Amino acid sequence: SSELTRLREVMDKLRSPGGCPWDAEQDHVSLLKFLLEESYEFIEAVEENDQNAIQEELGDLLLQVYFHSRIAEENKDQPFFRLPDFLHHLEYLLL
C-alpha cells in the first residue's frame, strides 16, 4: 500500500548516511527495550479500553516490527529476511 511505501521511504532516509544518527545506529538488541515498552503500553490501553491509545500503540508496535525487519534486511553477513518475507509469513498464518 502507499502507506507502507511511504514508511519505507522514511526509514530509508532515517537509516541512510546523513539521516538520523540514532536511527542508523540501532540494532535488534538496542531496540528490545522499546519493543517491550510498546507492548506493555498496548496491554495497558486494552485493559483500560482506550480505543485511541490502542490505535496509537498498535502503530508504535508496527513501527517496531518494521524497524526490526529493516535491520534484518540490511544485515548481509547473516541470513536475513525482508519485509515482504515477513508479510508472506503473516499471510500464511492467517490462512
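Described below are features of the structure shown in this document. Since the model is a prediction, treat every value here as computed from it, not as a measurement. (Residues numbered from 1 in each chain as written. Predicted model: local features only at pLDDT ≥ 70, side-chain atom pairs only at ≥ 80, totals over all residues. Heavy atoms only, no water.)

### Quick notes on a negative patch on the surface
Okay, step 1: A cluster of acidic residues, Glu44, Glu47, Glu48, Asp50 and Glu56, forms a negative patch on the protein surface.
Okay, step 2: Examined against the element boundaries, Asp50 turns out to sit in the loop between helix H3 (28-47) and helix H4 (51-74). (Patch = residues over 30% accessible without salt bridge, like charges linked within 9 Å, V, L, I, M, F, W, Y side chains within 5 Å. Areas by Shrake-Rupley, 256 points an atom, 1.4 Å probe, with all protein chains shown as cover. Salt bridge = Lys/Arg side-chain N within 4 Å of Asp/Glu carboxyl O. Lys, Arg positive; Asp, Glu negative; His and termini not counted. Charge placed at Lys NZ, Arg CZ, Asp CG, Glu CD. Helix = DSSP H or I, 4+ residues; strand = E, 2+ residues; numbered from the N terminus.)

### A closer look at the environment of Glu73
Okay, step 1: When you line up the elements, Glu73 lands in helix H4.
Okay, step 2: Each C-alpha atom of the pair Glu73 and Asp85 lies 10.0 Å from the other, and the pair is 12 residues apart in sequence.
Okay, step 3: Beyond its immediate sequence surroundings of up to four residues, Glu73 is in contact with Arg8, Phe80, Phe81, Arg82 and Leu83.
Okay, step 4: Only 2.7 Å separates the side chain of Glu73 from the side chain of Arg8, close enough to count as a polar contact. (Contact = heavy atoms within 4.5 Å. Polar contact = N/O pair within 3.5 Å; in protein donor to acceptor, adjacent residues only side chain to side chain.)

### So, H4
Okay, step 1: For H4, built from 24 residues, the straight-helix expectation of 34 Å at 1.5 Å per residue is met to within 8% by its first-to-last C-alpha distance of 35 Å.
Okay, step 2: Where H4 begins, the capping side chain belongs to Asp50, and its oxygen is found 3.2 Å from the backbone nitrogen of Asn52. (Expected span 1.5 Å × (residues − 1).)

### Re the side chain of Gln26
Okay, step 1: With respect to the helices and strands, the residue Gln26 is situated in the loop between helix H2 (21-25) and H3.
Okay, step 2: A residue is classified by how much of its surface remains accessible, and Gln26, at 7% relative accessible area, is buried.
Okay, step 3: Polar contacts involving the side chain of Gln26 include one to the side chain of Ser30, which spans 2.7 Å.
Okay, step 4: Not counting residues within four places of it along the chain, the set of residues in contact with Gln26 comprises Arg15, Leu31, Phe67 and Ile71. (Buried < 20%, exposed > 50% of the residue type's maximum accessible area, 1.4 Å probe, protein only.)

### Considerations on the nonpolar core
Okay, step 1: Met11, Leu31, Tyr66, Phe67, Ile71 and Leu83 together form the largest nonpolar core, which totals 6 residues.
Okay, step 2: Here this core gets 3 residues from one element, more than from any other, and that element is H4.
Okay, step 3: Residues within four places of Leu83 in sequence aside, it is in contact with Tyr66, Ser69 and Glu73. (Core = buried A, V, L, I, M, F, W, Y, C linked by side-chain atoms within 4.5 Å.)

The values reported here are purely geometric and, on their own, carry no functional implication.
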